[in-house]
Amino acid sequence: MINVPRPRLKTSEDMFKLTARQTELQGLLSGPATHCLLYGGSRSGKTFLLCYAVLTRALRANGSRHAIFRRTGASARQSIGRDTLPKVARLAYGLVPEFRSEEGCFVLPNGSEIWLSGLEDRERLDKVLGREYATIYLNEASEITYQAFNTVKTRLAQKTRVTAGAGNFLPLKCYVDLNPTTQSHWTYRVFVEGVEPEGRRPLPRGDYVFGMAGPLDNADNLPAAYIESLKHLPRSQRIRFFEGAYAGDSADSLWTRQSIGRLYLENESDLPAFRRVVVAIDPAVSSHAGSNETGIVAAATDGQGQGHVLADGSGVMKPDEWARKAVTLFHYYRADCIVAEANQGGDMVESTLRAIAPDIPVKLVRASRGKYVRAEPVAALYARGRVRHVGEFRELEDQMCSFTPDFDRKAEGFSPDRVDALVWAMSELFPGLVSDRQRGEHRKQSLAMGDYDPFGG
């Protein structure tokens, strides 16, 4: 840890130059609004700019306190503590701030402190929340809950004078940034729509502002190959990481955000007693960087016939990796069996699983109809409130809410593998969900729900 004597504070003009978009957003951050959101694509310079804003505010007011939060303490230390904030301090002000690891904070030459904390590190968080701050910054808020946002805001209360100003106090600021997910996320509701997410109560529009930046805005600082790679991501990831936009629901999708019921629990021990638990796999045929994902979903039914989605373990994985992931979920949730689609090499799927766990019960299923036809009765379960998600599964829900009648005919090089795994899981848990005759007779009205009951009554 290095104690640095108080230097002449260099300005940003001395050491580095903000991009045109960062300069524009800097005006937003220093404006009258207390709450400011920056969202946009990957590597767009959002975090750099917000660390610069926090550091500048800390240097303006001697002895002031500021806090930067991420979901976990490890990610806060790795991304902010060891990378962005020291880099900004060096480039913008020629500083090497002292980091006090036992306390988890940077100390500047003027006595100001910048604290780092993870919102899931309960013991550490309690210590951080025992203080008041002039600035609070939530980094990567896609991983942070609305409840946590409200909790940390209560500590935005330090009254501290601006050192260079006569009688002026440093205005309180709450900064938030993220790569946007969907329009159901609390950041979209609060900052873009201007409403409180739970009660839809209007928020003071002038106090909640937002700005956007994308990788093209930061092109001078990025390799051209990196930007090109973002352009060729699957559609849902391209919208988020390249276009930097919140994803909405497709107008004719089988699912809507409103149809997805949720069960939020403090502890997993509060889960109901389950009648059946399964882990479903939709395996991909390859595992290179551009491959489809292997869909892995754990789901259950309770004694009242209510379905629960417990986990989404999907991703681009090699066969031994997805097999281990599925077996881990099987043991964790004490599942009854693993259900695996056999269309993509059924013998290989079963042998891969048994190489990891020889005695594990495996049921192979085959798709004889299109994805949309198979998914309709499962969407009907959701529309009737018969399935709840235990928490929030953003990637799965993004696929669900973009799953339209023409999905089987799309040629984007992207397959809804998470949805496929979900459909196999629910079809196994609700074996009487739909018969071959019902598929033919009721397919078109399955979402009307007025005269279609997948349970037959």
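On a predicted model such as this, the values are computed, not experimentally measured, just so you know.

A. Quick look at the sheet that holds strand β9 (residues 261-262). With mixed pairing, the seven strands of this open sheet are ordered in space as β9-β15-β12-β11-β10-β13-β14. The open sheet has two edge strands with one neighbour each: β9 and β14 (362-365). Where strand β11 (residues 295-302) lies against strand β12 (residues 307-312), five bridges are found, and the strand directions are antiparallel. Residue Val297 lies in a different strand from β12, and its bridge partner there is Asp312. Its contacts with the sheet place helix α14 (residues 417-429) against β10 (274-282), β11, β12, β13 (337-341), β14 and β15 (387-389), and it is angled at close to 145° to β10.

B. Quick look at the packing of aromatic side chains. Per the counting criterion, the structure on display carries 14 aromatic pairs. Geometrically, the ring pair formed by Phe99 and Phe106 is tilted, given 4.8 Å between the ring centres and 55° between the ring planes. Judged on exposure class, the residue Phe99 and its partner Phe106 are both buried. Both rings, one in Trp255 and one in Tyr382, keep their centres 5.9 Å apart while their planes meet at 90°; by these two values the pair is edge-to-face. In this pair, Trp255 sits in the loop between α9 (235-241) and β9 while Tyr382 sits in helix α12 (residues 371-383), placing the two residues 127 residues apart along the sequence. Cluster of aromatic residues (ring-pair linked, three or more members): Tyr146, Phe149, Trp186, Phe191 and Tyr208. Seen from the ring of Phe169, Lys159 lies directly overhead, with NZ or CZ sitting 4.8 Å from the centre.

C. Representation of the side chain of Ser259 within the structure. Considering the arrangement of structural elements, one finds Ser259 in the loop between α9 and β9. Accessibility expressed as a relative area gives 16% for Ser259, which makes it buried. Side-chain polar atoms of Ser259 contact the backbone oxygen of Thr256, separated by 2.8 Å.

D. Summary view of the nonpolar core. Judged by nonpolar contacts, the single largest core of 34 residues is most densely connected at Leu29, Tyr52, Leu55, Ile114 and Tyr175. Among the secondary structure elements, those contributing two or more residues to this core are α2 (20-29), β1 (35-40), α3 (46-60), α4 (73-93), β5 (113-118) and β8 (208-213). Non-local contacts of Tyr175, meaning those with residues more than four positions away in its chain, are made with Leu29, Cys36, Leu50, Ala53, Val54, Arg57, Thr135, Ile136, Tyr137 and Leu138. In this structure, Cys337, Leu381, Val419 and Ala425 belong to the second largest nonpolar core, which totals 33 residues.

Reading the values: rules and limits
- Residues numbered from 1 in each chain as written.
- Predicted model: local features only at pLDDT ≥ 70, side-chain atom pairs only at ≥ 80, totals over all residues.
- Heavy atoms only, no water.
- Pairing = 2+ DSSP bridges.
- Helix = DSSP H or I, 4+ residues; strand = E, 2+ residues; numbered from the N terminus.
- Contact = heavy atoms within 4.5 Å.
- Axes fitted to C-alpha atoms, helices over the stretch in contact; angles between N-to-C directions.
- Phe/Tyr/Trp six-rings, centres within 6.5 Å; stacked < 30°, edge-to-face > 60°.
- Buried < 20%, exposed > 50% of the residue type's maximum accessible area, 1.4 Å probe, protein only.
- Lys NZ or Arg CZ within 6 Å of the ring centre and 35° of its normal.
- Polar contact = N/O pair within 3.5 Å; in protein donor to acceptor, adjacent residues only side chain to side chain.
- Core = buried A, V, L, I, M, F, W, Y, C linked by side-chain atoms within 4.5 Å.

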